[in-house]
Each structure stands twice: as structure tokens, then as C-alpha cells.
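What the coordinates show
Residue-level listing of the chains:
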Amino acid sequence: MSIFKVFFQESPSEVPVREWTQSVYVEGESEADVRKKLASRQYNIEFVTLLSGAHLEYEQNSEDFKTETV
């Protein structure tokens, strides 16, 4: 399993506004797998990125790092 960072807006009916973008960390096999896992939450997903190497290490050192259980 890999860890992905998902950038999203909570309301799928509104136009995305960068200042309101939230993020969540999700374990999954692929970007498609992560999107499928989050489908029930009705998020307006902007971007999904795979975290690895130094980028993953940096994110894990953040106080906000917590992998969602989906």
C-alpha cells in the first residue's frame, strides 16, 4: 500500500476556491483506488498525489499528518 495526499473541497456543488482547499492522507493501491474509497464522502476532489521518499518523510513530520481510515 502507498500513501496518497488528496486535496479537496467539502462541497461538490461549489466552485473550488484555493483558500478553502483541505487535504487528507489515504492509503491505497492507486489513485483510482483512493478516489473509489472516498466516493461516499461526496468530496470535490481537486488533486491526488502519491507520497514517497523525501516528500513522504516531510509530510509525516508534519503535526497534521494522520492517515484516514477509509
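As a starting point, this report considers the structure included with it.

So, how was this worked out
- Residues numbered from 1 in each chain as written.
- Predicted model: local features only at pLDDT ≥ 70, side-chain atom pairs only at ≥ 80, totals over all residues.
- Heavy atoms only, no water.
- Helix = DSSP H or I, 4+ residues; strand = E, 2+ residues; numbered from the N terminus.
- Buried < 20%, exposed > 50% of the residue type's maximum accessible area, 1.4 Å probe, protein only.
- Pairing = 2+ DSSP bridges.
- Contact = heavy atoms within 4.5 Å.
- Axes fitted to C-alpha atoms, helices over the stretch in contact; angles between N-to-C directions.
- Phe/Tyr/Trp six-rings, centres within 6.5 Å; stacked < 30°, edge-to-face > 60°.

**Focus: unusual backbone geometry**
A positive phi is found at Q42, a non-glycine position, where the angle reads about 60 degrees. Examined against the element boundaries, Q42 turns out to sit in the loop between helix 1 (31-38) and strand 3 (44-51). The exposure class assigned to Q42 is exposed, which follows from its relative accessible area of 51%.

**A short note on the sheet that holds strand 2 (residues 22-28)**
The strand order across the open sheet formed by 4 strands is 3-1-2-4, and the pairing between neighbours is mixed. Looking at strand neighbours, the two that pair on one side only are strand 3 and strand 4 (67-68), the edges of this open sheet. Here strand 1 (residues 2-9) runs beside strand 3; their pairing, made up of 7 bridges, is antiparallel. Paired with F8 across the two strands is I45, which belongs to strand 3. Helix 1 rests against strand 1, strand 2 and strand 3 of the sheet, and its axis sits at about 115 degrees to strand 2.

**Structural notes on the packing of aromatic side chains**
The tally for this structure, following the rule as stated, stands at 3 aromatic pairs. Pairing F7 with F47 gives two aromatic rings, centres 6.3 Å apart and planes at 40 degrees, and the pair type is tilted. On the criterion of sequence distance, the pair formed by F7 in strand 1 and F47 in strand 3 is long-range, its members being 40 residues apart. On the basis of relative accessible area, F47 is assigned to the partly exposed category, the value being 47%. When the centroid spacing of 3.9 Å and the interplanar angle of 15 degrees are considered together, the rings of F8 and Y43 count as stacked. A residue pair is termed long-range when its members are at least 10 positions apart, and F8 in strand 1 and Y43 in the loop between helix 1 and strand 3 qualify at 35 residues.

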